[in-house]
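Fold and contact review
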Amino acid sequence: MNKESLVTTAQWWEKVSNNDALMVDWLQKQYHGEITAAQRIRELLDRFQLDGIEAKLITMIAEDEENHAEWVKGLLTSRGITAEVLTEKQERYWETVQPDQAKTFEEICAIGHLAETMRLDRIRLLASDDRFSDIAEVFQRILPDEIFHAKAFKSLTTPDHIEQARFKHEEGKRQLGLES
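So, how was this worked out
Along every chain, residues carry numbers that run from 1 in the direction the sequence is written. Two thresholds apply to this predicted model, a pLDDT of at least 70 for residue-level local features and 80 or more for giving and counting side-chain atom pairs, whereas whole-chain, interface and lining totals are computed over all residues. Heavy atoms throughout the structure, all of them, feed into the side-chain values; hydrogens and water do not. Axis lines are fitted through C-alpha atoms, for helices just across the contact stretch, and the angle between N-to-C directions can take any value from 0 to 180 degrees. Note on conventions: DSSP H or I runs of at least 4 residues are helices, E runs of at least 2 residues are strands, and numbering of each starts at the N terminus. For this analysis, residues touch if any pair of their heavy atoms sits within 4.5 Å. Only Asp, Glu, Lys and Arg are considered charged in this grouping, and only Ala, Val, Leu, Ile, Met, Phe, Trp, Tyr, Cys and Pro are considered nonpolar; every other residue, Gly among them, is considered polar. Salt bridge, as used here, is a side-chain nitrogen of Lys or Arg placed within 4 Å of a carboxyl oxygen of Asp or Glu. Categorising residues by exposure relies on relative accessible area from a 1.4 Å probe, with only protein chains included: less than 20% of the type maximum marks a residue as buried, more than 50% marks it as exposed, and the intermediate range marks it as partly exposed. Working definition: a ring pair exists when centres of Phe, Tyr or Trp rings (six-membered ring for Trp) sit within 6.5 Å. Plane angles under 30 degrees give stacked, over 60 give edge-to-face, the rest tilted. Lysine and arginine charges are scored as sitting over a ring when NZ or CZ, respectively, is within 6 Å of the ring centre and within 35 degrees of the ring normal.

The next thing to look at is the packing of helix 1 (residues 9-17) against helix 2 (residues 20-47). Packing of helix 1 against helix 2 brings their axes to within 6 Å, and their N-to-C directions diverge by 115°. Packed against helix 1, whose contacting residues are Trp 12, Trp 13, Lys 15, Val 16 and Ser 17, the element helix 2 presents Leu 22, Met 23 and Trp 26 at the interface. Residues that form the contact of helix 1 with helix 2 fall into these classes: six nonpolar, one polar and one charged.

Tallied over the full model, the rule gives eleven salt bridges. Arg 79 is the salt-bridge partner of Asp 134, the closest N and O atoms lying 2.7 Å from each other. Placement of Asp 134 in helix 6 (residues 133-155) and of Arg 79 in the loop between helix 3 (52-78) and helix 4 (92-97) is noted, with a sequence separation of 55 residues between them. Taking relative accessible area as the criterion, Asp 134 reaches 28% and is therefore assigned partly exposed. Classification of Arg 79 by relative accessible area gives partly exposed; the value is 29%. Between Glu 171 and Arg 174 there is a salt bridge; the shortest N-O distance is 3.0 Å. Residue Glu 171 and its partner Arg 174 are both found in helix 7 (residues 159-175); the two are separated by three residues, about one turn of the helix. Taking the relative accessible area as the measure of exposure, Glu 171 reaches 25% and is therefore partly exposed. One network of salt bridges, with partners in common, ties together Glu 34, Glu 116, Arg 119 and Glu 146.

On to the packing of aromatic side chains. A ring pair, where both rings are aromatic, is described by two values, the distance of the centres and the angle of the planes. Counted by the stated rule, this structure contains six aromatic pairs. Relative to Trp 13, the ring of Trp 12 has its centre 5.5 Å away and its plane inclined at 35°; by these criteria the two rings are tilted. In this structure, Trp 12 and Trp 13 share a single accessibility class: buried. Considering the side-chain rings of Trp 12 and Trp 26, the 5.7 Å spacing of their centres and the 75° angle between planes classify their relative orientation as edge-to-face. Taken as a pair, Trp 12 in helix 1 and Trp 26 in helix 2 lie far apart in primary sequence, 14 residues in all. For the pair shown, Trp 12 and Trp 26 are each scored as buried. Three or more aromatic residues link up through ring pairs in this structure, and these residues are Trp 12, Trp 13, Trp 26, Phe 132 and Phe 139. Taking the ring centre of Trp 12 as reference, the NZ or CZ of Arg 122 above it sits at 3.6 Å. We note Arg 141 situated over the ring of Trp 71; from NZ or CZ to the ring centre the distance is 4.0 Å.

Shown next, in the form of structure tokens:
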């Protein structure tokens, strides 16, 4: 993706919020993202044989993502759209930040922290847009959870792991078409 085609969150929302087809497409991708995030996060429990506080935090985050999926499903249903996991969706960000599965738990949590932090800008914008009160209400409910997720993932990693993950994270943002 070239630099000229990168957009800010506000530019992205301006385009999506003024086009019904783009709005539905985004909501469908949002639902897909919440469902697959919950699955990806739950897999950490077995993959790393987590227990104690790590297992508790990871379980809480996965449950929150499942709740978010239900709330987004409601947005789709109210628009007459069936909520489903997409079978042909390219995972541009995740394919960039996690090209191999040989990562440690701390490395994955660093990526999780950066991903959740990245989403906060968009969530805050969506939660504040009174043109779409149903979307704003859902994202007002999602916002505190995502703030918690960013902090929780940060507590499960180290500053060094976060800095090591930052380059791939920035590349993942570019793959999504977002400015750094």
